[in-house]
Amino acid sequence: MKLCIALDLPTKKQNLALLEQIKEHNNLWIKVGFRSYIRDGKELIEQIKSINPSFKIFLDLKLYDIPNTMADASEEIATLGVDMFNVHASSGKRAMQSVMERLKSLKNRPLVLAVTALTSFNNEEFQEVYSTPIETKATQFAKDAYESGLDGVVCSAFESLGIKNSTSKNFVTLTPGIRPFGEDAGDQQRVATIDVAKQELVDFIVVGRPIYKSSEPAKKVATILEELSTRIMH
Ligand code: C5P
């Protein structure tokens with residue numbers, strides 16, 4: 001299981017300062033989302049790589065548009081040199097297929113994940129939008145993404161194992177809403193600990209506030225990495 005840190009601080013300076021504190025750890029995944037990318041753009045991607053070239057970047061822009069526009073955007077994202085990005089599974093199979101089709105000629109294409117259900121939804125809110133219970137629809141979205149040739153999904157930690165069982169164990173799961181040791185949930189509705197993520201065979205955990213709001217972010221990252229390297233004992 002890999003740690004992916006959400007870079008959601010209010011300024012670029014604060015984001016880069018956070019990375020400076022944790023740069024001793026190689027191969028960390030860094031999630032650049034709307035806030036940071038809209039404000040700091042392409043230059044931020046280059047700056048992250050220059051702090052530690054082994055850092056991997058997940059560009060979390062959750063594309064949702066018509067197939068051709070999504071394919072065009074995906075091609076542009078690939079040229080940024082990021083290692084992973086995502087689209088909404090609710091954009092449909094044709095849109096997801098067109099993304100994969102556009103990227104297939106690239107030598108080193110980024111991993112492409114599909115968002116199933118946003119982890120901030122509770123069941124009632126989700127039903128208002130999709131008229132189906134979260135679990136049923138999330139599994140269907142995951143199957144659609146798998147059949148469209150994507151590499152994996154963004155999902156709740158509680159859905160990871162079920163999704164792998166209904167697609168493939170190699171189908172990647174990346175799970176936000178992680179509170180490694182039960183920290184404050186904030187606006188997330190369905191938070192999970194590292195133990196849950198391990199049981200659910202999650203591939204990537206995304207952790208934001210528990211790290212960047214911690215008084216000692218470097219120590220927090222080290223503790224999480226240590227926990228990830230130990231096996232679950234029951
Ligand atoms: O601070 P926290 O650990 O809750 O951050 C979670 C991150 O994951 C945020 O950047 C949020 O936008 C993102 N995310 C999410 N749920 C999804 C997809 C992305 O919380 N389904």
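Details of the structure are given in the entry above.
Because the structure is a prediction, the values reported are computed rather than measured.

Caption draft 1: Representation of the layout of surface pockets within the structure. The computed volume of the largest pocket comes to approximately 570 Å³. What lines the largest pocket is a set of 28 residues, among which Asp8, Lys31, Asp60, Lys62 and Gln188 lie closest to the centre. Elements that contribute at least two residues to the lining of the largest pocket include exactly β2 (29–33), α2 (34–51), β3 (56–63) and α9 (209–212). Looking at the lining of the largest pocket residue by residue, the class counts come to 13 nonpolar, seven polar and eight charged.

Caption draft 2: How the structure looks around the nonpolar core. Residues Leu3, Leu59 and Ile205 are the most contacted members of the largest nonpolar core, which totals 58 residues. Filtering out sequence-adjacent residues up to four positions away, Leu59 remains in contact with Val32, Tyr37, Ile45, Ile77, Leu80, Val82, Met84, Phe85 and Asn86. With 12 residues, the next largest nonpolar core counts Ala6, Leu174, Phe204 and Val206 among its residues.

Caption draft 3: Focus on the pairing of strand β5 (residues 111–115). Within β5, four of the five residues are buried, which leaves it mostly tucked inside the rest of the structure. Bridge count for strand β4 (residues 84–88) against β5 is five bridges, and the pairing is parallel. Bridging across to β5, His88 finds its partner in Val115. A crossover connection joins β4 to the parallel β5 through helix α4 (residues 93–103); in handedness this β-α-β unit is right-handed. Both β5 and strand β6 (residues 152–154) contribute to a ladder of three bridges, which runs parallel. Opposite Leu113, over in β6, you have Gly152 as the bridge partner.

Caption draft 4: Inspection of helix α1 (residues 12–22) at higher detail. Taken residue by residue, α1 has Asn15, Leu16, Leu18, Leu19 and Ile22 as its buried positions. Buried positions in α1, seen along its axis, are confined to an arc of 150° and lie on one side of it. Contacts made by the buried residues of α1 are with β1 (2–6), β2, α2, α9 and α10 (217–229).

Caption draft 5: Quick look at helix α6 (residues 134–147). Between its first and last C-alpha atoms α6 spans 20 Å; for 14 residues at 1.5 Å apiece the expected length is 20 Å, and the two agree. If you check which residues of α6 are buried, you get Ile134, Ala138, Phe141, Ala142, Asp144 and Ala145. Taken end-on, α6 shows its buried residues confined to a sector of 160°, consistent with a single buried face. As for α6, its buried residues are in contact with α4, β5, α5 (123–130), β6 and α7 (160–166). Gly149 sits one or two residues past α6 and shows a positive phi near 90°.

Caption draft 6: Geometry of the site of the ligand. Neighbouring the ligand are 17 residues, the closest being Asp8, Lys31, Gln188, Gly208 and Arg209. The contact in question runs from an oxygen atom of the ligand to an N or O atom on the side chain of Asp8, over 2.6 Å. In this structure, Lys31 approaches the ligand through a side-chain N or O atom, which is 2.7 Å from an oxygen atom. Look at the ligand: alone it shows 470 Å² of surface, and the protein chains cover 87% of it. Using a 2 Å cut-off from the grid points, one finds that the ligand occupies the largest pocket. Mapped by element, the contributors of at least two residues to the shell around the ligand are β3, β8 (204–207) and α9.

Caption draft 7: Structural context of the packing of aromatic side chains. Applying the stated rule across the entire model yields six aromatic pairs. Among the aromatic residues, ring-to-ring pairing joins Phe121, Phe126, Tyr130 and Phe141 into one connected group. For the cation-ring pair, Lys62 lies above Phe34, with the distance from its terminal atom to the ring centre recorded as 5.8 Å. Taking the ring centre of Phe141 as reference, the NZ or CZ of Lys137 above it sits at 5.2 Å.

About the thresholds
Per chain, the residues get numbers from 1 upward, laid out in the order the sequence is written. The predicted origin of the model limits local features to residues at a pLDDT of at least 70 and limits the giving and counting of side-chain atom pairs to 80 or more, whereas totals for whole chains, interfaces and linings rest on all residues. Values reported for side chains reflect all heavy atoms of the structure, with hydrogen atoms and water molecules removed beforehand. A cavity, in this analysis, means grid points on a 1 Å lattice covering only the protein atoms where a 1.4 Å probe fits yet has no way out; a pocket is instead an open set bounded by protein on both sides within 12 Å along at least five of seven lines, and a residue lines either one if it has an atom within 4 Å of a point. Grid points are joined across faces, edges and corners, and a volume is the space filled by probe spheres set on the points. Runs of H or I in DSSP of at least four residues are treated as helices and runs of E of at least two as strands, each being numbered from the N terminus. Note on residue categories: nonpolar means Ala, Val, Leu, Ile, Met, Phe, Trp, Tyr, Cys or Pro, charged means Asp, Glu, Lys or Arg, and polar means any other residue, Gly included. Only buried Ala, Val, Leu, Ile, Met, Phe, Trp, Tyr and Cys residues count toward a nonpolar core, and they belong to the same one when joined by side-chain atoms within 4.5 Å. Remark: exposure states derive from per-residue accessible area (1.4 Å probe, protein chains only) relative to the maximum for the residue type, with buried under 20%, exposed over 50%, and partly exposed in between. Contacts were defined at the residue level, with two residues in contact if any of their heavy atoms lie within 4.5 Å. In this description, strands pair whenever DSSP reports at least two bridges between them. Orienting the strands away from the viewer, one traces the path from the first strand over the helix to the second; a clockwise path indicates a right-handed crossover. This arc describes the spread of directions from the helix axis toward the C-beta atoms. Given a helix with a known number of residues, its expected span is that number minus one, times 1.5 Å. We call a residue near a molecule or strand when any one of its heavy atoms sits within 4 Å of it. For this analysis, a polar contact is any N or O atom pair within 3.5 Å, provided that within protein one partner can donate a hydrogen and the other can accept it, and provided that sequence-adjacent residues contribute only side-chain to side-chain pairs. Only the protein chains shown count as cover for residues, and all accessible areas are computed by the Shrake-Rupley method using a 1.4 Å probe. In this scheme, a molecule is assigned to a cavity or pocket if more than half of its atoms are within 2 Å of the grid points. Only the six-membered ring of Trp is used, alongside the rings of Phe and Tyr, when aromatic pairs are assigned; centres must lie within 6.5 Å, and planes under 30 degrees apart are stacked while those over 60 apart are edge-to-face, with the rest tilted. In our convention, an over-ring charge means Lys NZ or Arg CZ found within 6 Å of a ring centre and within 35 degrees of that ring's normal.

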